[in-house]
Amino acid sequence: MIHDLWYKNAVIYCLHVGTFMDTNGDGIGDFQGLMRRLDYLAGLGITCLWLMPFQRSPNRDDGYDVSDHYTVDPRYGSLGDFVAFTHAAEQRGLRVIIDLVVNHTSDQHPWFQDARRSASSPFRSWYVWSRRKPPRADEGVVFPGVQKTTWTWDERARAYYFHRFYDFQPDLDTANPEVQEEIRKIVGFWLELGVSGFRVDAVPFVIATKGAGVKPVEQYGMLRDLREFLQWRSRDAILLAEANVLPRTDLEYFGDDGDRMHMMFNFQVNQHLFYALAASDTRPLVKALEATRDRPGTAQWGVFLRNHDELDLGRLKPEQRERVFREFAPDPDMQLYERGIRRRLAPMLSGDRRRLELAYSLLFTLPGTPVIRYGDELGMGDDLRLPERNCARTPMQWSTLPNAGFSRAARTALPVIAEGPFQFQRVNAADQRRDPESLLNWTERIIRMRKECPEIAWGDFTVLPTQPEVLALRYDWRNNAMLVLHNLSGKPASVRLRARDVGDDRLVSLFTADHSSARKGHHEIELDPYAYRWYRVGGLDYILRRRSW
Ligand code: GLC
Ligand code: CA
């Protein structure tokens with residue numbers, strides 16, 4: 001049964017073990033700590049955890065510089081702790097997906113160390129070399145302003161090596177069959193230890209042709225091969241691709257028959273959503289939704305607001321990007337890599353509860369599977385004194401205890417936020433649990449409701465015509481329908497919708513008692529500034545009549 005595609009109606013929560021919960025007092029979060037917090041996560045209602053890299057690493061790019069793909073970094077625990085954790089998660093009905101970082105390794109990885117040593121090293125051909133500095137070596141850097149080049153001279157190897165990201169992350173030659181074999185081994189290894197899939201890092205670069213003077217061309221066949229291997233080993237494991245590509249190209253990543261990636265993050269919708277929030281104008285967002293509508297039946301979008309990286313606005317028009325900067329990151333120090341914003345969501349929205357709820361309600365009702373970032377359920381803030389993206393990677397704020405209850409160390413690896421409106425004394429899980437009106441409890445309620453609305457996960461959407469500051473989406477699935485309304489402006493909005501477009505004379509509001517009955521063929525709905533409304537199409541009796549899915 002098609003219902004079995006668990007990722008379609010999932011709620012994903014991403015976190016880094018190192019900043020979640022520290023149990024041994026060394027200032028670094030660990031698997032033991034994460035295990036103790038599984039009940040908190042299960043209680044929140046999420047169904048899947050996405051762990052950022054926790055494998056052995058010199059940790060110069062928050063673990064995305066792996067130096068051993070087959071082990072847990074001792075900072076976070078042991079492989080034994082990892083398996084105890086996946087087991088404990090499974091017992092609570094939580095799935096676990098992990099990052100698969102195979103575009104590159106750390107320069108400290110034994111493969112690279114061996115490869116540098118001599119041209120006859122068996123690992124030499126695992127990386128990408130050039131005797132002379134290739135033309136245009138300084139173009140195509142991923143971190144402009146921080147990264148200078150994509151080819152760096154290695155004295156030991158007496159050659160330049162290619163690195164799409166930082167110079168300490170040499171690219172693997174992913175076209176090499178030995179490297180491909182190793183990638184499959186890594187996938188197979190973690191599947192055996194209980195994971196339900198992978199967030200595949202930097203996919204366009206993994207599958208691109210690489211080399212001096214080589215134009216990067218995506219080799220989509222590699223995605224099918226990976227998918228095939230994954231599914232042979234585990235029938236319900238998934239691949240969630242990080243690929244910030246254009247809508248037409250997305251379909252190549254999903255594959256015509258849905259035989260490549262199960263899921264992709266919808267970067268197109270993400271960027272236009274922030275424009276919509278900044279400008280109270282949903283028109284470009286609607287275009288992005290339409291442009292990304294097509295996908296195979298089994299494929300799914302990952303919808304997100306903020307993630308562990310900068311909010312990349314690179315695909316907006318320059319004037320749209322300026323608008324978002326002006327609204328959400330006016331200070332140049334809030335911006336990053338000449339294209340994005342490094343702040344967390346709550347400070348961008350000035351901690352305004354109405355706007356936070358609006359943003360979250362959109363996250364939970366746009367087409368796809370919502371992916372939440374740890375701490376966003378509390379409205380956590382950032383620390384702009386930390387370099388680059390680290391500002392939004394501070395420890396989870398559990399309570400008013402020292403170090404936000406995250407650790408009993410004198411000093412934590414990344415500092416907790418202890419000043420300003422988002423300090424842990426004001427924003428923490430313990431206080432919010434006691435307050436029925438808190439953002440935490442609100443998030444728990446909206447997650448519960450979202451899980452009861454499979455139309456959003458499975459259905460088709462229609463954008464209903466209304467004023468540009470309001471987004472009106474109707475979802476249809478198996479003779480059930482929902483209508484969701486969002487007023488993105490700071491002014492009240494009167495929404496007038498034809499009952500024929502809505503699909504019924506009656507609408508049942510799911511969070512409040514503001515039901516609507518059409519008059520003279522129209523629904524007339526008043527929305528407060530930044531208000532959102534979820535309706536089931538049909539009367540109350542209809543809900544009672546409704547058969548289970
Ligand atoms: C991805 C990750 C980012 C990391 C980069 C290099 O873009 O999201 O955090 O720095 O890959 O691995
Ligand atoms: Ca620890």
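Residues numbered from 1 in each chain as written. Chains lettered and ligands numbered in written order. Predicted model: local features only at pLDDT ≥ 70, side-chain atom pairs only at ≥ 80, totals over all residues. Heavy atoms only, no water.

A. Inspection of the overall build of the chain at higher detail. In terms of regular secondary structure, the chain is built from 18 helices and 24 strands. In terms of C-alpha radius of gyration, the chain reaches 24 Å, essentially the compact-globule figure of 24 Å for 549 residues. Over its C-alpha atoms, taken along the principal directions, the chain stretches across nearly 80 × 50 × 45 Å. Looking at the chain as a whole, 62% of its 549 residues are labelled buried. Counted over contacts in the chain with a minimum sequence separation of 6, partners at least 24 positions apart contribute 67%. Carbon together with sulfur atoms contributes 48% to the accessible area of the chain, which is approximately 22300 Å² in total. Distance between charge centroids for the chain: 2 Å, based on 74 positive and 74 negative side chains. (Helix = DSSP H or I, 4+ residues; strand = E, 2+ residues; numbered from the N terminus. Rg over C-alpha atoms; globule rule 2.2 N^0.38 Å. Buried < 20%, exposed > 50% of the residue type's maximum accessible area, 1.4 Å probe, protein only. Contact = heavy atoms within 4.5 Å. Areas by Shrake-Rupley, 256 points an atom, 1.4 Å probe, with all protein chains shown as cover. Lys, Arg positive; Asp, Glu negative; His and termini not counted. Charge placed at Lys NZ, Arg CZ, Asp CG, Glu CD.)

B. Molecular detail of the domain arrangement of the chain. Taken domain by domain, the chain holds domain 1 (6–103 + 174–451), domain 2 (110–162) and domain 3 (460–548). When each unit is reduced to the centre of its C-alpha atoms, the spacing between domain 2 and domain 3 is 56 Å. (Domains from an automatic or database assignment.)

C. Spatial organisation of the site of ligand 1. Near ligand 1, the surroundings consist of D61, Y64, H104, F143, F165, R199, D201, E242, H308, D309, R389 and R393. Here H308 contributes a side-chain N or O atom positioned 2.9 Å from an oxygen atom of ligand 1. (Near = heavy atom within 4 Å. Polar contact = N/O pair within 3.5 Å; in protein donor to acceptor, adjacent residues only side chain to side chain.)

D. Structural context of the coordination of the calcium ion (ligand 2). Every protein donor of the calcium ion (ligand 2) is accounted for by D22 (OD), N24 (OD1), D26 (OD), I28 (O) and D30 (OD), and the metal-donor separations fall at 2.3 to 2.4 Å. Read N to C, the donor residues that coordinate the calcium ion (ligand 2) are spaced as D-x1-N-x1-D-x1-I-x1-D. On the basis of relative accessibility, which here comes to 36%, the residue D26 falls in the partly exposed class. (Donors = N, O, S within 2.8 Å, 3.2 Å for Na, K, Ca; no water.)

E. Quick peek at the sheet that holds strand β14 (residues 335–336). Across the sheet, three strands lie side by side as β13-β15-β14; this open sheet has antiparallel pairing. A strand with exactly one partner marks an edge of an open sheet, and here the two such strands are β13 (311–312) and β14. One ladder, built from two bridges, connects β14 with strand β15 (residues 340–341); its direction is antiparallel. From the neighbouring strand, L336 faces β15, where its bridge partner is G340. (Pairing = 2+ DSSP bridges.)

F. Focus on the packing of helix α13 (residues 353–365) against helix α15 (residues 439–451). Where α13 contacts α15, the two axes come as close as 11 Å, and the packing angle between them is 25°. Classified by the angle between their axes, α13 and α15 sit roughly parallel to one another. Our pair here, α13 against α15, has a crossing hand that is right-handed. Facing α13, whose interface residues are R353, L356, E357, Y360, S361 and F364, α15 presents L439, W442, I446, I447 and R450. Class assignment for the residues of the contact of α13 with α15 results in seven nonpolar, one polar and three charged. (Axes fitted to C-alpha atoms, helices over the stretch in contact; angles between N-to-C directions. Parallel < 35°, antiparallel > 145°, perpendicular 65-115°, else oblique. Left-handed = near helix turned anticlockwise from the far one by under 90°. Nonpolar A, V, L, I, M, F, W, Y, C, P; charged D, E, K, R; others polar.)

G. Molecular detail of the pattern of salt bridges. Considering all chains together, one arrives at 36 salt bridges under this definition. With a shortest N-O distance of 2.8 Å, R199 and D99 are connected by a salt bridge. Residue R199 is located in strand β9 (residues 197–200), and its partner D99 is located in strand β5 (residues 95–100); the two are separated by 100 residues in the primary sequence. Note on R199: relative accessible area 1%, which makes it buried. Look at D99 and you get buried, because its relative accessible area is 3%. One salt bridge connects R342 with D333, and the closest N-O pair in it is separated by 3.2 Å. Given a relative accessible area of 4%, R342 falls into the buried group. When salt bridges that share partners are traced, they join D61, D62, D309, R389 and R393 into one network. (Salt bridge = Lys/Arg side-chain N within 4 Å of Asp/Glu carboxyl O.)

H. Quick peek at the environment of A291. For A291, the location among the structural elements is in helix α10 (residues 283–291). On the basis of relative accessibility, which here comes to 40%, the residue A291 falls in the partly exposed class. Residues A291 and R536, 245 residues apart in the sequence, show an inter-C-alpha distance of 26 Å.

I. Molecular detail of the sheet that holds strand β6 (residues 129–130). Strand order in this open sheet of three strands is β6-β8-β7, and the pairing throughout is antiparallel. The sheet is open, and its two edges are formed by β6 and β7 (151–154), each paired on a single side. Pairing geometry for β6 and strand β8 (residues 159–162), over two bridges, is antiparallel. Along β8, the bridge assignment pairs S130 with Y160.

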